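# A closer look at the structure
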Amino acid sequence: MATGVTLVAGVDSSTQSCKVVIRDAATGALVREGRAFHPDGTEVHPDAWWDALRIAIAQAGGLDDVAAAAVGAQQHGMVTLESGGDVVRPALLWNDTRSAVAGDRLVTAHGGPAEWAKNVGSVPLASFTITKLAWLAEHEPEAAARTAAVCLPHDWLTWKLAGAPGVGALVTDRGDASGTGYFSPASGDYRRDLLTLALGHDAVLPRVLGPAEPAGTTAVDGVSTGATLGPGTGDNMAAALGLGAGPGDVVVSIGTSGVVSAVAAVPAADPTGIVAGFADATGHYLPLVCTLNAARVLDAVARVLGVDHGEFSRLALSAPAGAGGLVLVPYLEGERTPNRPGATGALHGIRLDTSTPAHLARAAVEGLLCGLADGLDALVAEGARVDRVLLVGGGARSEAVRRIAPAVLGRPVVVPPAGEYVADGAARQAAWVLAGGDEPPAWELAGTEAYEADAVPGVRERYAEVRDLTDA
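Attention here is on the structure that accompanies the text. These figures come from a predicted structure and were not determined experimentally.

### Side note on the nonpolar core
Within the largest apolar cluster, 57 residues are counted, with the highest numbers of intra-cluster contacts made by Val252, Ile254, Phe312, Val365, Leu369 and Leu391. Among the elements that take part in this core, helix α12 (residues 357–381) stands out by supplying 14 residues, more than any other. Not counting residues up to four positions away in its chain, the partners in contact with Phe312 are Leu298, Val301, Ala302, Leu305, Val307, Ala361, Ala364 and Val365. One finds Val120, Ala144, Val259 and Leu286 within the second-largest nonpolar core, a separate group that totals 50 residues.

This is how it looks when you write it as structure tokens:
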């Protein structure tokens, strides 16, 4: 590394693993990286994240020459701490659904969906921290009574990197805080009354930092080791920052789940609960729609057809647009948006002439994209501006998805190269903390590909006709 180059580190502590990237603070060029895996499950002790982070840092060559670091991590996870900082119980992750009933009761008993959307920008679902706290108070009252502080995965890891200096030193950012259910993105304040409703008592909450406000320095055994810590943020917010998304940009991520999010100038408050009214990591807002069924729909249909993903794409692209009227409603794991946890997938319009592998492959791609297009429509209804669609995630590697997406979404699509955009966003935030100013440093996103296609009449209309004809 040339003399005088300033390095920054970005962390992505996701559900499955921990990734660390070390980048040039000025250009964003990747210098080195590391990775370690997390245990499976929807309930994980935070110590597992810390162990994985230390392994990933070591694989990335350590932080001794790094000037700043920041953590991006999975949203919503409930981390409960005693007054001395010990973990009360394993964290419930975003994908732990045991709090669904408690969450429904909480929303219904205290104002209903419209009131919650007005107060905190979202209608809390089982994924949200506040519903998990309500479950804890109901099912583990002793643990709830011992809970002196509540934080999120990225908050806890930032705190650990700072040497765990007491629960009063916990910090967060408005992006990740906006997914708790007890923080208002519009006002920038915690709603402690809602926290108390759920948990049964007040608790220490992390101080909310500005987008480029330092969170302290890295420390070992209470001794500073000199690297500045950024505030960190949630994974969706970090990904938008890593992609360089700004107002007018919509990010469509096709991974295990499907996420459609827009960087917006005004907060959202959707009383239907379809749009989560989050904040982003830059001072703007990040209204977001999440579906349960995304890339694994492609995996499932490719498995049914007995082909790999390359052949699956070839088949889908060889079929006519609209798949001859064949429609796949892709609720293979139930669905979150729309909220139909007990639904199953369905195939409509099968005839002799549509009973081909190519038609089924095309219907799978179009059905997946129609669900995401519904999410895009919901964002527009909440006032989001759409100038550009950025298509990312494992599903974006499919040539069929890339080429069919503009026709279904009705807009040109830009596909960046595959990357660790959550970790990159955290690294960019760290560079921003070092540089200061009102805007993050401009890192070029090289290697993007643009796709355009005319919208095909009838595809979304046909999907809309049959999407509600599923059980549950």
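The discussion continues.
### Concerning the sheet that holds strand β24 (residues 449–451)
Taken in spatial order, the 7 strands make up an open sheet running β18-β19-β17-β16-β22-β23-β24, and their pairing is mixed. Sheet topology places β18 (276–279) and β24 at the edges, where each strand pairs with a single neighbour. On average, each strand axis in the sheet is inclined to that of its neighbour by 25°, with strand direction left out of account. In the sheet, strand β17 (residues 258–262) pairs with strand β19 (residues 285–291) via 4 bridges, with the strands oriented antiparallel. Residue pairing across strands places Gly258 opposite Thr291, the latter belonging to β19.

### Structural notes on the pairing of strand β22 (residues 388–392)
Working note: regular strand, side chains alternate between the two faces of the sheet. The element β22 is extensively covered by neighbouring structure, given that 4 of its 5 residues are classed as buried. By the bridge criterion, 5 bridges tie strand β16 (residues 249–254) to β22 in an arrangement that is parallel. Bridge assignment links Val250 to a residue of β22, and that residue is Val389. In the sheet, β22 pairs with strand β23 (residues 413–415) via 2 bridges, with the strands oriented parallel. Counterpart to Val389 in the pairing with β23 is Val413.

### Comments concerning helix α9 (residues 235–242)
The periodicity of an α-helix, 3.6 residues per turn, causes residues three or four places apart in sequence to face the same way. Counting buried residues in α9 gives 6 out of 8 residues, a clear majority hidden from the surface. Buried within α9 we find Met237, Ala238, Ala239, Ala240, Leu241 and Gly242. Summarising the contacts, the buried residues of α9 are in contact with β5 (66–73), α7 (174–177), β15 (233–234), β18, β19 and α14 (421–435). With its phi angle positive at about 70°, Gly244 sits one or two positions after the end of α9.

### Some thoughts on the pattern of salt bridges
Evaluation of the coordinates by the stated rule reveals 28 salt bridges. Arg192 is the salt-bridge partner of Asp202, the closest N and O atoms lying 2.7 Å from each other. With Asp202 in the loop between α8 (192–199) and β12 (207–209) and Arg192 in helix α8, the pair connects residues that are 10 residues apart, well separated along the chain. By relative accessible area, Asp202 is classed as partly exposed at 42%. Here Arg460 ties to Asp377 by a salt bridge, and the two come within 2.6 Å at their closest N and O atoms. Remark: Asp377 occurs in helix α12 and Arg460 occurs in helix α15 (residues 459–466); sequence separation between them is 83 residues. Note on Arg460: relative accessible area 23%, which makes it partly exposed. Residue classification places Asp377 among the partly exposed residues on the basis of a relative accessible area of 36%. Salt bridges sharing common partners tie together Glu43, Arg89, Asp96, Arg98 and Glu140.

### Looking at α15
Within the span of α15, buried status applies to Val459, Tyr463 and Val466. Along α15, the residues classed as buried sweep out an arc of 75° about the axis, all on the same side.

Conventions adopted
- Within each chain, residues carry numbers counting from 1 in the order of the written sequence.
- Reporting in this predicted model follows two pLDDT cut-offs: at least 70 for local features of residues, and 80 or more for side-chain atom pairs to be given and counted; totals over whole chains, interfaces and linings ignore these cut-offs and use all residues.
- Based on all heavy atoms of the structure, the side-chain values leave hydrogens and waters out of the count.
- For this analysis, a nonpolar core means a set of buried residues of the types Ala, Val, Leu, Ile, Met, Phe, Trp, Tyr and Cys, connected via side-chain atoms within 4.5 Å.
- The buried label applies to any residue whose accessible area, calculated with a 1.4 Å probe on protein chains only, is under 20% of its type's maximum; exposed applies above 50%, and partly exposed to all values in between.
- The secondary structure listing takes helices from DSSP runs of H or I that are at least 4 residues long and strands from runs of E that are at least 2 residues long, numbered from the N terminus.
- Contacts are assigned to residue pairs with any non-hydrogen atoms lying within 4.5 Å of each other.
- The pairing criterion is simple: DSSP has to find at least two bridges between the two strands.
- Helix axes use the C-alpha atoms of the stretch in contact, all axes being lines fitted to C-alpha atoms, and the angles between their N-to-C directions lie in the range 0 to 180 degrees.
- By definition here, a salt bridge exists when the distance from a side-chain nitrogen of Lys or Arg to a carboxyl oxygen of Asp or Glu is within 4 Å.
- By arc we mean the arc of the directions from the helix axis to the C-beta atoms, nothing more.

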